[in-house]
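An overview of the molecular structure
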Amino acid sequence: NNTAYCNGKQIAVSPITDLSESLLATGFPYYDFKAMDKYLKILNNFMQSTHGLRRMGSAAVDLAYVACGRFQGFFEYNLNAWDVAAGAFIVQQAGGKVTDFEGKENHTFGRQIVATGNIHKPMLEIIKKYW
């Protein structure tokens, strides 16, 4: 039974399937900048190929917004399990897909996450191209 709720109302991920129509969320590391060059290449690509990027400052909020369909996708690296575990579950319950940057199931402890509604494949292709 995959169902998620916000204030008693059922929620679902966005039906948008086109990356160019998508609004994405991300975050920036506050330490460990070794991967910044490749991350900036990903950001550069998404800035040009989507409706835009947003940074809320909280992975939990970003994931809740993906679950509600407000963002079509969220990606970030250098996160801890407590940053993403609950939000990732809510995205999945709302019909979304959650993986690490390789498309594998190690998003909780692997320190990378991609959470989307219906744009997972094109998002992962861009991330994998640079990561």
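The structure reproduced in this document is the subject of the present report. Bear in mind that the values here come from a model prediction, so they are computed numbers and not experimental data.

1. Quick notes on the side chain of Asp62
With respect to the element layout, Asp62 can be found in helix 2 (residues 59-68). For the buried Asp62, no salt bridge exists, and the shortest N-O distance to an oppositely charged side chain is 7.7 Å, to Arg55. Filtering out sequence-adjacent residues up to four positions away, Asp62 remains in contact with Ala25, Thr26, Met56, Phe71 and Phe74.

2. Concerning the nonpolar core
Ranked by size, the top nonpolar core spans 18 residues in total, and within it Leu63, Phe74, Val91 and Ile113 carry the most contacts. Of all elements in the fold, only helix 2, helix 3 (81-93) and strand 7 (112-116) reach the threshold of two or more residues within this core. A per-element tally of this core places helix 2 first, with 4 residues. If sequence neighbours within four positions are ignored, Leu63 has contacts with Phe74, Asp83, Val84, Gly87, Ala88, Val91, Ile113 and Ala115.

3. Points about the sheet that holds strand 7
Taken together, 5 strands build an open sheet; the order of strands is 4-3-5-7-6 and the sheet is mixed. Where the open sheet ends on each side, the last strands, each with one partner, are strand 4 (52-54) and strand 6 (97-99). Strand-to-strand twist across the sheet, computed as the mean angle between neighbouring axes with direction ignored, equals 20°. Bridge count between strand 3 (residues 23-26) and strand 5 (residues 73-77): 3 bridges; the pairing is parallel. Following the sheet pairing, Ala25 is matched in strand 5 by Phe74.

4. Quick word on helix 2
Of all the residues in helix 2, the buried ones are Ala59, Asp62, Leu63, Val66 and Ala67. Along the axis of helix 2, the buried positions cluster into a sector of 140°, meaning they face one direction only. Considering only its buried residues, helix 2 is in contact with strand 2 (9-11), strand 3, strand 5, helix 3 and strand 7.

Conventions and cut-offs
- Residues numbered from 1 in each chain as written.
- Predicted model: local features only at pLDDT ≥ 70, side-chain atom pairs only at ≥ 80, totals over all residues.
- Heavy atoms only, no water.
- Helix = DSSP H or I, 4+ residues; strand = E, 2+ residues; numbered from the N terminus.
- Buried < 20%, exposed > 50% of the residue type's maximum accessible area, 1.4 Å probe, protein only.
- Lys, Arg positive; Asp, Glu negative; His and termini not counted.
- Salt bridge = Lys/Arg side-chain N within 4 Å of Asp/Glu carboxyl O.
- Contact = heavy atoms within 4.5 Å.
- Core = buried A, V, L, I, M, F, W, Y, C linked by side-chain atoms within 4.5 Å.
- Pairing = 2+ DSSP bridges.
- Axes fitted to C-alpha atoms, helices over the stretch in contact; angles between N-to-C directions.
- Arc of directions from axis to C-beta.

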